[in-house]
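Breakdown of the fold
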Amino acid sequence: MRDNNLSGSIYDFMSAAGVEVPQLVEAGLELLVGVEKSREFEIKLESQIRKSLQDINVIVLIMAGIRVEEDLFNHRIEGVDVDDDPAYLYSDEVLGMAIANQIAGTKAIFNFKRYDEAKPGIIGTLGPMLDDVFAGLVAGCMSKIFEE
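The following refers to the structure shown. (Residues numbered from 1 in each chain as written. Predicted model: local features only at pLDDT ≥ 70, side-chain atom pairs only at ≥ 80, totals over all residues. Heavy atoms only, no water.)

1. A few points about the overall build of the chain
Rules: Helix and strand labels come from DSSP, where a helix needs a run of H or I of at least four residues and a strand needs a run of E of at least two; each type is numbered from the N terminus. Throughout, the radius of gyration refers to the C-alpha atoms, and the reference size of a globule is 2.2 Å times the residue count to the power 0.38. The buried label goes to any residue with under 20% of its type's maximum accessible area, the exposed label to any with over 50%, and the partly exposed label to all in between, with areas taken from a 1.4 Å probe on protein chains only.
Counting secondary structure elements, the chain contains seven helices and zero strands. Along the chain, helices (α) and strands (β) appear in the sequence α-α-α-α-α-α-α when read from the amino end. On C-alpha atoms alone, the chain measures out to a radius of gyration of 15 Å, which is about the 15 Å that the 2.2 N^0.38 rule sets for 148 residues. Dimensions of the chain, computed from the C-alpha atoms along their principal axes, are close to 50 × 35 × 25 Å. The buried share among the 148 residues of the chain stands at 43%.

2. Quick word on the packing of aromatic side chains
Heads up, the rule is: Centre distance within 6.5 Å is the pairing criterion for rings of Phe, Tyr and Trp, where only the six-membered ring of Trp is used; planes under 30 degrees apart are then read as stacked, over 60 as edge-to-face, and the remainder as tilted.
Inspection of every chain in the model, using the stated rule, returns one aromatic pair. Taking 5.8 Å as the distance between ring centres and 35° as the angle between the ring planes, the aromatic pair formed by Phe41 and Phe146 counts as tilted. A residue pair is termed long-range when its members are at least 10 positions apart, and Phe41 in helix α3 (residues 39–52) and Phe146 in the segment after α7 (130–145) qualify at 105 residues. Residue Phe41 is classed as buried on the basis of its relative accessible area of 7%.

3. Let's talk about the pattern of salt bridges
Selection rule: Whenever Lys or Arg places a side-chain nitrogen within 4 Å of a carboxyl oxygen from Asp or Glu, that contact is recorded as a salt bridge.
A full pass over the atoms with the stated rule returns 10 salt bridges. A salt bridge links Glu117 to Lys113; its shortest N-O distance comes to 3.9 Å. One end of the pair, Glu117, and the other, Lys113, are both in helix α6 (residues 106–118), four residues apart, so they sit about a helical turn from each other. Judged by its relative accessible area of 40%, Lys113 falls in the partly exposed class.

Below, the structure written as structure tokens:
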């Protein structure tokens with residue numbers, strides 16, 4: 001985990017959390033339906049992810065997830081234990097839906113549900129907050145691509 005006194009780009013914080021853009025692209029492509037997987041589509045998705053990672057609201061929501069996940073993982077909040085991702089924890093879903101919505105509007109929330117349930121690729125390896133945060137990012141970006 002990162003030293004809280006250091007600064008860096010969103011990519012630095014994501015990397016410290018174990019998430020890289022190519023892994024998000026792979027996760028996005030796993031649930032691709034109705035469109036042929038191609039290098040062109042892969043480039044388009046990566047470009048949309050990088051564009052979305054320039055949005056201050058997306059950055060702040062992702063950072064909120066990263067910070068909370070660190071606190072939960074390190075048991076910094078007395079009386080809170082989410083090691084088994086309890087069903088009553090839904091703020092992770094709220095963050096994921098907010099990210100998807102920020103990128104591509106309400107329709108992206110429906111796509112978020114697909115990525116949240118299937119947990120493709122890197123998404124399935126993340127903790128209770130970050131799996132939804134990055135499912136929201138991928139879902140929002142995939143939805144945005146299909147707007148064009």
